[in-house]
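Survey of secondary and tertiary structure
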Amino acid sequence: LDSKTGIVVLEALQRVNQELGTTTAVITHNADIAQMADRVIHLADGRISQVYENETKLAPSELSW
């Protein structure tokens, strides 16, 4: 996705999660997107290599693209 459309999609996912109290798993190679997540899980060679809670979440529009 281009950055403008990516922001719209991420904002929609965030809004749905907040309104419905749901969870969405976003799988991406764009590490910057992790900055808006509550929890980040990194995989390496098909295994979980790191899990952390994100304490300084950013809004989709604040992400660097």
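Our structure's up above, just so we're on the same page.
Here's a quick rundown of the structure. (Residues numbered from 1 in each chain as written. Predicted model: local features only at pLDDT ≥ 70, side-chain atom pairs only at ≥ 80, totals over all residues. Heavy atoms only, no water.)

1. Examining the environment of alanine 12
Residue position: alanine 12 is located in helix α1 (residues 3–20). With 26 residues separating them in the primary sequence, alanine 12 and aspartate 38 have C-alpha atoms 16 Å apart. (Helix = DSSP H or I, 4+ residues; strand = E, 2+ residues; numbered from the N terminus.)

2. Re unusual backbone geometry
The phi dihedral of aspartate 45 is positive, around 55°, even though this residue is not glycine. Examined against the element boundaries, aspartate 45 turns out to sit in the loop between β1 (39–44) and β2 (47–53). Residue class for aspartate 45 comes out exposed when judged on its relative accessible area of 80%. (Buried < 20%, exposed > 50% of the residue type's maximum accessible area, 1.4 Å probe, protein only.)

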